[in-house]
Amino acid sequence: MLILVRHGRTAHNASRRLLGRLDLPLDALGERQAQALGSVPALKGAVRVVCSPLQRARQTADAFGLPVTVDERWVEVDYGVYDGVPLDAVPPSVWSNFRNDLAWAPEGGESLVAVTDRVRAACEDLWDEAREHDVIVLSHVSPIKAAVLWSLGAAPEALWRMFVEVASVSRIGAGPDGRPLLRSFNETHHRPHR
């Protein structure tokens, strides 16, 4: 099983700011969420964790007590000049540009096509191992959405039709023919809210 886990909460998540590539730690609730993730019985069978290089993902990965491999392809989308900006202050044209042209990138940032391409390659590289053993991937909203798209064989436009919570779990297993099959999405039952 390929188990996709979003990191615990940060202060920027709590204050509704874009994080992108900002390298921020978990806040106190995020630390509790990470510990809760590390205690989920269904995740105890994993053999290792693959992780984004960002601190919030690495801190969450540590809760599993497994060997961690950092893979840059699982890093969050780069919002460029909008990293750290409050969501309400991001011009509506930015979201419109992202939705209408998946190859569009904000100044100094990254396109959603680039995200889906790098995550697709990362999924393919892990798939043989994940069909035999549970592998946890600790990542962020956009890469998790891209991995779900990969499992479904869906178009990148579907990125805008998903919502991924902090400290959530999504699972991709192998179908009868060995191809990826989405088993669950955005599980949060284990997650403390305070």
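First, a word on what this report is: a plain description of the structure on this page. The shown structure was predicted, so the numbers you read here are calculated from the model rather than taken from an experiment. (Residues numbered from 1 in each chain as written. Predicted model: local features only at pLDDT ≥ 70, side-chain atom pairs only at ≥ 80, totals over all residues. Heavy atoms only, no water.)

### Remarks on the overall build of the chain
For the chain, the count of helices and strands is six helices and six strands. Relative to its length of 194 residues, the chain is compact, with a C-alpha radius of gyration of 16 Å against a globular reference of 16 Å. Expressed along its principal axes, the backbone C-alpha trace of the chain runs to roughly 45 × 40 × 25 Å. Expressed as a percentage of its 194 residues, the buried residues of the chain come to 52%. Taking all contacts inside the chain whose residues are at least 6 apart in sequence as the whole, residues at least 24 apart take part in 65%. For the chain, the accessible surface area stands at approximately 8,800 Å², while carbon and sulfur atoms represent 50% of it. Seen as two clouds, the 22 positive and the 24 negative side-chain charges of the chain have centres 6 Å apart. (Helix = DSSP H or I, 4+ residues; strand = E, 2+ residues; numbered from the N terminus. Rg over C-alpha atoms; globule rule 2.2 N^0.38 Å. Buried < 20%, exposed > 50% of the residue type's maximum accessible area, 1.4 Å probe, protein only. Contact = heavy atoms within 4.5 Å. Areas by Shrake-Rupley, 256 points an atom, 1.4 Å probe, with all protein chains shown as cover. Lys, Arg positive; Asp, Glu negative; His and termini not counted. Charge placed at Lys NZ, Arg CZ, Asp CG, Glu CD.)

### Examining the nonpolar core
Membership of the largest hydrophobic core comes to 34 residues, with the highest contact counts inside it found for L2, L4, W74, V119, C123, L126 and V137. Mapped onto this core, the elements with two or more residues apiece are β1 (2-6), α4 (92-100), α5 (112-132), β4 (135-139) and α6 (141-152). Tallying contributions element by element places α5 first for this core, with eight residues. Once residues within four sequence positions are removed from consideration, L126 is found in contact with L2, R48, V50, W74, V135 and V137. Among the nonpolar cores identified, the runner-up in size contains 15 residues, and L37, L43, F64 and A167 belong to it. (Core = buried A, V, L, I, M, F, W, Y, C linked by side-chain atoms within 4.5 Å.)

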